[in-house]
Every structure is written in structure tokens, then in C-alpha cells.
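Per-entry structural report
The lines below spell out each chain.
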Amino acid sequence: MNDYIKEREESARKLAAEQVLPNVQWFPGHMTKARKIITENLKLVDVVIELLDARIPYSSANPMLQEIIAGKPKVVALNKSDLADPAITKKWVAYFRSQGVQAVAVDATQGKGTKQLVKMTEELARSKTEKLVSKGAKARSARVMILGIPNVGKSSLINRLAGSNKAKTADKPGVTRAKQWIRLADSLELLDTPGILWPKFEDMNAGLKLAFTGAINDEAVDRELITGVFLDTMIKLYPERIKERYKITDELPETSGELLEIIGKKRGCLVKGGLVDLEKAQRIVLTDFRSGKLGTISLDVPPAIDAPSAADAAENSQEKD
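These lines cover the structure that appears in this document, whether it is placed above or below. No experiment lies behind these values; they were computed from the predicted model shown.

Another aspect to go through is the overall build of the protein chain. If you tally the helices and strands in the protein chain, you get twelve helices and six strands. The buried share of the protein chain, reckoned over its 321 residues, is 51%. Contacts in the protein chain between residues at least 24 apart in sequence constitute 71% of all its contacts with a sequence separation of at least 6. In the form shown here, the protein chain has an accessible surface area of approximately 15,600 Å², with 49% of it arising from carbon and sulfur atoms.

Here you go:
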């Protein structure tokens with residue numbers, strides 16, 4: 001493990017231990033329906049693709065889904081990898097593989113990693129489809145269910161794999177609310193399902209990070225508080241990204257409130273009397289993070305891996321893609 005990753009891990013864990021976290025909860029009514037759809041249709045598929053946000057693989061993994069899909073072959077796709085710190089993403093891929101779970105970094109928008117994802121999925125499904133043929137059934141495509149929290153990019157991934165906009169997409173969570181079967185040539189049939197959060201965040205750090213990325217609707221959280229905690233996090237983990245984006249040459253202040261004032265002035269968020277429009281500054285900060293304008297950022301780090309060979313294998317695999 002190089003010093004860069006060690007530094008990020010140490011800072012992230014220290015931050016998690018120090019913060020006093022707010023109560024972030026969101027479980028709208030359609031989430032209950034989503035769970036029912038997933039449970040009822042799981043028996044129809046051979047493999048599950050769990051789509052995680054590469055910036056927050058731990059925080060975007062729905063513990064409720066882990067219970068629902070227990071025992072079903074699974075591939076983990078770390079989407080939005082173009083927005084995540086590549087060194088830490090490699091560690092996450094290595095970590096999942098060390099746990100016996102196939103994993104691949106994906107950028108659904110550009111198509112990076114999608115061929116490898118399809119290959120992994122087909123290989124996992126092969127034992128099921130071949131078993132059916134051996135029993136006299138007609139050969140069929142592998143059947144896959146794609147699962148993930150809202151706003152993690154499921155529809156974008158399906159559109160990329162299908163080669164056209166066959167799944168409805170949007171820039172906000174909760175758009176896909178009904179079951180959709182989508183055929184991909186002869187190799188795969190994909191079952192898209194609604195994004196689903198869980199009713200209670202036991203880990204408030206996870207809830208905060210979901211709010212940072214927009215997985216939790218902005219209208220359901222205190223944006224002032226969320227932006228403040230996000231800036232506190234950036235001051236400790238990625239101060240250079242903040243300084244570069246907002247053209248700050250001096251040392252960053254110690255508090256998020258002071259930093260937001262500086263950013264607001266730099267971006268011209270001023271109102272009568274020369275005061276900073278803090279709401280406008282908050283929107284700018286969160287939008288810059290979510291769009292990647294702050295650079296590649298990872299806010300979750302994986303547990304340490306005992307076997308160095310797992311990391312080496314993952315790194316080699318990524319380099320071949």
C-alpha cells in the first residue's frame with residue numbers, strides 16, 4: 001500500500017471518529033414497493049449486478065439488499081469511477097475480489113469497464129444456464145437483475161450496454177420506479193428495478209455521504225449542514241482540490257463556514273451590502289463535487305487486505321482494460 005492511500009485512510013477514519021453527525025433519514029413510499037418488486041423477481045434471474053458509487057462503495061451498499069440477495073451469484077460494478085480517486089478504486093476492486101466477489105470499475109457514461117462487466121456476468125451465469133440445457137431445456141440468455149441505490153447510474157449503465165436509451169434516465173434519484181426487462185443481443189437479459197434506500201441509517205457517516213452525492217434528495221436534507229460537513233471533509237482529505245477549483249492561494253480556514261464565505265466571494269455570490277449568498281454558494285459546492293469539477297475524490301476506503309497478491313491481481317486486470 002503506498003503512502004498516498006495510507007494518508008487518505010488515516011484521515012478518513014480520524015474524521016469519522018471525530019464528527020458529530022446529524023440525523024439523515026429518507027425512505028419515501030415508493031421504496032417499499034421497490035423492495036417488494038426485487039424480492040418477488042429475484043427468483044427469475046441467474047446473477048445480480050450490484051451497482052455501487054465508486055466514490056462511496058461502502059456507503060452506497062444497501063445492507064437491506066445484502067439480506068434479500070443472499071446466496072445469489074453477484075458482480076459488483078463500481079460506477080462513476082471517472083469521478084473517484086483511481087488509486088482507492090483499485091483498492092476497492094482488490095478488496096471485493098479478496099472476499100470472493102467479482103468486481104470491476106465502470107464508467108457507464110463513457111463505457112469503460114462495461115465489456116469486462118458483461119464477461120464476468122456471463123461467466124457467473126453459465127453454470128445455471130448450462131444446467132438447464134443439460135436437463136433438456138432450451139438454451140437461453142443469462143438473466144440478470146441490476147440493483148443499486150437511487151442516482152447511482154443504473155439507467156445510464158443499461159443504456160450503455162443496450163446501445164440505446166431503452167431505460168428512462170434522469171438527473172435525480174427515484175426516477176426508475178417500475179420493472180423493466182431489457183434484452184442485450186443474445187447474451188444477456190437485464191431486469192432493471194427501482195433504486196432502493198433503506199429505512200434507517202445505522203451509520204450516519206454513510207447517510208451523509210449519500211447526501212453529498214445526491215443519492216438522498218436535496219429536499220429531504222439540511223443543505224446548509226450537509227455542505228458544511230462536506231467542506232469539513234474536503235479540508236481534511238482533499239484540501240488541494242478546493243484550493244485549485246476556487247483559486248484560493250492562502251491556507252484554507254479551519255472551519256467550513258469561513259471556507260464557504262471565501263468560495264462565495266470567489267464565485268461572485270454576493271447580495272446587497274456585499275454579503276455572501278450562502279445558499280447559492282452551497283449549491284455551487286455540491287454541484288461541483290457531483291459533476292467531478294473538484295477532481296477525482298473518494299470518501300470511503302476499504303478494509304485492509306491481508307493478501308498483497310489480491311491487490312496486484314486487481315491492478316494488473318485494470319491495466320489490461
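So that's the structure; there's more coming.
In this approach a probe as big as a water molecule rolls over the atoms, and the regions it shows empty are the leftover space. Counted by the stated rule, this structure contains one cavity of 30 Å³ or more. By volume, the largest cavity amounts to about 40 Å³. Around the largest cavity, the lining comprises 13 residues; the ones closest to its centre are Asp-53, Pro-150, Asn-151, Thr-213 and Ala-215. Residue composition of the lining of the largest cavity, grouped by class: six nonpolar, four polar and three charged.

What follows concerns the nonpolar core. Membership of the largest hydrophobic core comes to 69 residues, with the highest contact counts inside it found for Phe-96 and Ile-242. Residue contributions to this core peak at seven residues, all from helix α8 (residues 223–237). Leaving out residues up to four positions away in the same chain, Ile-242 has contacts with Leu-231, Met-234, Ile-248, Leu-252, Leu-259 and Leu-294. Ranked by size, the runner-up nonpolar core spans eleven residues in total, among them Leu-42, Val-45, Leu-65 and Ile-69.

At Lys-80, a position not held by glycine, the phi torsion is positive, near 60 degrees. Considering the arrangement of structural elements, one finds Lys-80 in the loop between β2 (74–79) and α4 (86–98). Of note in this structure, Lys-247 is not a glycine but carries a positive phi near 55 degrees. Relative to the helices and strands, Lys-247 is located in the loop between α9 (239–245) and α10 (256–266). A relative accessible area of 60% places Lys-247 in the exposed class.

As a further point, take the pattern of salt bridges. Charged atoms that come close allow side chains of opposite charge to pair. Going through the model one piece at a time under the given rule, you end up with nine salt bridges. When the shortest N-O distance is used, the salt bridge between Lys-74 and Glu-50 registers 3.0 Å. With Lys-74 in strand β2 and Glu-50 in strand β1 (residues 47–53), the pair connects residues that are 24 residues apart, well separated along the chain. When sorted by exposure, Lys-74 lands in the same class as Glu-50, which is buried. Here Lys-243 and Glu-251 are joined by a salt bridge, their closest N and O atoms 3.9 Å apart. A relative accessible area of 69% places Glu-251 in the exposed class. A network of salt bridges, in which partner residues are shared, links Arg-143, Arg-183 and Glu-189.

Attention now goes to the packing of helix α7 (residues 204–213) against helix α11 (residues 278–290). One can describe the packing of α7 onto α11 by two numbers: an axis separation of 8 Å at closest approach and a directional angle of 90 degrees. One way to sum up the angle between α7 and α11 is to call them roughly perpendicular. Contacts between α7 and α11 pair Ala-211, Phe-212 and Thr-213 from the former with Leu-286, Phe-289 and Arg-290 from the latter. Class assignment of the residues belonging to the contact of α7 with α11 gives a composition of four nonpolar, one polar and one charged.

On to the pairing of strand β4 (residues 142–147), then. With five of its six residues buried, β4 lies for the most part within the structure. In terms of strand pairing, β1 meets β4 through four bridges, oriented parallel. Counterpart to Val-47 in the pairing with β4 is Val-144.

Now for α4. With 13 residues, α4 extends 18 Å between its outermost C-alpha atoms, agreeing within 8% with the 18 Å of an ideal straight helix rising 1.5 Å per residue. Listing the buried residues of α4 in full gives Ile-88, Thr-89, Lys-91, Trp-92, Val-93, Ala-94, Tyr-95 and Phe-96. Where α4 starts, the residue carrying a side-chain oxygen 3.1 Å from the main-chain nitrogen of Ala-87 turns out to be Asp-85. In the stretch just after α4, Gly-100 is the one whose phi turns positive, near 85 degrees.

Moving on, we get to the packing of aromatic side chains. Within a pair of aromatic rings, the relevant descriptors are the distance that separates the centres and the angle that separates the planes. Here the structure, examined in full by the defined rule, presents five aromatic pairs. Note on Trp-92 and Tyr-95: the rings are 5.8 Å apart at their centroids and 90 degrees apart in plane angle, and the pair reads as edge-to-face. Of this pair, Trp-92 and Tyr-95 both sit in helix α4, three residues apart, which is roughly one turn of that helix. Its relative accessible area of 18% is what places Tyr-95 among the buried residues.

Before going further, it helps to examine the side chain of Asp-300. Note that Asp-300 resides in the loop between α11 and α12 (308–320). A distance of 2.7 Å separates the side chain of Asp-300 from the side chain of Lys-209, its partner in a polar contact. Among residues more than four places away in sequence, those in contact with Asp-300 are Arg-55, Ile-56, Pro-57, Tyr-58, Ser-59, Ile-88, Trp-92 and Lys-209.

Moving on to the environment of Asp-232. If you trace the backbone, Asp-232 turns up in helix α8. Along the primary structure Asp-232 and Ser-256 are separated by 24 residues, whereas in three dimensions their C-alpha atoms are 5.4 Å apart. Once residues within four sequence positions are removed from consideration, Asp-232 is found in contact with Glu-254, Thr-255 and Ser-256.

Cut-off values and rules
Residues numbered from 1 in each chain as written. Predicted model: local features only at pLDDT ≥ 70, side-chain atom pairs only at ≥ 80, totals over all residues. Heavy atoms only, no water. Helix = DSSP H or I, 4+ residues; strand = E, 2+ residues; numbered from the N terminus. Buried < 20%, exposed > 50% of the residue type's maximum accessible area, 1.4 Å probe, protein only. Contact = heavy atoms within 4.5 Å. Areas by Shrake-Rupley, 256 points an atom, 1.4 Å probe, with all protein chains shown as cover. 1 Å grid on protein atoms, 1.4 Å probe; cavity = no way out; pocket = protein on both sides within 12 Å on 5 of 7 lines; lining within 4 Å. Points joined across faces, edges and corners; volume = space filled by probe spheres on them. Nonpolar A, V, L, I, M, F, W, Y, C, P; charged D, E, K, R; others polar. Core = buried A, V, L, I, M, F, W, Y, C linked by side-chain atoms within 4.5 Å. Salt bridge = Lys/Arg side-chain N within 4 Å of Asp/Glu carboxyl O. Axes fitted to C-alpha atoms, helices over the stretch in contact; angles between N-to-C directions. Parallel < 35°, antiparallel > 145°, perpendicular 65-115°, else oblique. Pairing = 2+ DSSP bridges. Expected span 1.5 Å × (residues − 1). Polar contact = N/O pair within 3.5 Å; in protein donor to acceptor, adjacent residues only side chain to side chain. Phe/Tyr/Trp six-rings, centres within 6.5 Å; stacked < 30°, edge-to-face > 60°.

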